[in-house]
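Coordinate inspection notes
Listed here are the chains, written in short residue letters.
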Protein chains: 2
Amino acid sequence: MYVIMVYDIEVNRVGKVLKIGRKYLTWVQNSVLEGELTNSQFQSLLIELKDILDEEKDSVVFYLFRTKAYFKRQVVGIDKNEPSQFL
Amino acid sequence: MYVIMVYDIEVNRVGKVLKIGRKYLTWVQNSVLEGELTNSQFQSLLIELKDILDEEKDSVVFYLFRTKAYFKRQVVGIDKNEPSQFL
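Please read all numbers here as calculations on a predicted model, not as lab measurements. (Residues numbered from 1 in each chain as written. Chains lettered and ligands numbered in written order. Predicted model: local features only at pLDDT ≥ 70, side-chain atom pairs only at ≥ 80, totals over all residues. Heavy atoms only, no water.)

**Focus: the packing of helix 1 (residues 11–24) of chain A against helix 2 (residues 39–52) of chain A**
Residue and element names in this part refer to chain A. Note the cut-off: Interaxial angles span 0 to 180 degrees and are taken between N-to-C directions of axes, which are lines fitted to C-alpha atoms, for helices over the stretch in contact. Secondary structure counts use DSSP, requiring at least four H or I residues in a row for a helix and at least two E residues in a row for a strand, with both numbered from the N terminus. Relative orientations are named as follows: roughly parallel for angles under 35 degrees, roughly antiparallel for angles over 145 degrees, roughly perpendicular for angles from 65 to 115 degrees, and oblique for any other angle. Crossings are assigned a handedness: left-handed for a near helix turned anticlockwise from the far helix by less than a right angle, right-handed for a clockwise turn. Contacts: residue pairs with any heavy atoms within 4.5 Å of one another. Three classes are used: nonpolar for Ala, Val, Leu, Ile, Met, Phe, Trp, Tyr, Cys and Pro, charged for Asp, Glu, Lys and Arg, and polar for all others, with Gly counted as polar.
Their axes nearest at 10 Å, the elements helix 1 and helix 2 cross at an angle of 170°. Comparing their axes, helix 2 and helix 1 come out roughly antiparallel. Between helix 1 and helix 2 the crossing geometry is right-handed. Along the contact surface, helix 1 presents Arg 13, Lys 16, Val 17, Ile 20, Gly 21, Lys 23 and Tyr 24, while helix 2 presents Gln 41, Ser 44, Leu 45, Glu 48, Leu 49 and Ile 52. The residue makeup of the contact of helix 1 with helix 2, split by class, is 6 nonpolar, 3 polar and 4 charged.

**Thoughts on the UniProt feature "binding site: Mg(2+)" (unreviewed entry) in chain A**
Counted only if it meets this: UniProt positions are given in the numbering used here, feature names are shortened, and annotations may be inferred rather than shown by experiment. Exposure categories follow from relative accessible area, calculated using a 1.4 Å probe and restricted to protein chains: below 20% of the type maximum is buried, above 50% is exposed, and the middle band is partly exposed.
UniProt tags Asp 8 of chain A as "binding site: Mg(2+)" (unreviewed entry). Among the secondary structure elements, Asp 8 of chain A is positioned in strand 1 (residues 2–8). With relative accessibility at 11%, the residue Asp 8 of chain A sits in the buried group. Excluding its chain neighbours within four sequence positions, the residues that come into contact with Asp 8 of chain A are Lys 57, Asp 58 and Ser 59 of chain A together with Gln 29, Asn 30 and Lys 80 of chain B.

Below, the structure written as structure tokens:
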């Protein structure tokens, strides 16, 4: 399945969330990651996140799709995760 | 069409972007809005945003779907835009 992860985390935990997120997904821009995951990978991501989140204060929203074909992505301004960024 | 808007904006413009975004979409959490738009509404939103963005520094990513049925939304932690938040 294709996953978009957006997060709104207190500053003292945001670095850890990004580190965990990047193990599974590609960074798109501030607070947003995307990528293809199996169901078990997604479950592992959830477990790791729940270990460090304060579920009373932090918020992570996942948008889950069966396939990337279901949406079109349109960028205004710079596309911060363009492959050329990493050459 | 259903629209998810995520944005990564320099601090001096982020208030304006949020104000414009909220005219068309529902705030979900920091840097994320969602909602149903017609194509012309989406074009109007783009025009208003392009008026204020610095396209060399700012980044707005839109995920566009024909219908909301194409994805499932899963929240870990608090769901910041839960209707009860506004009672």
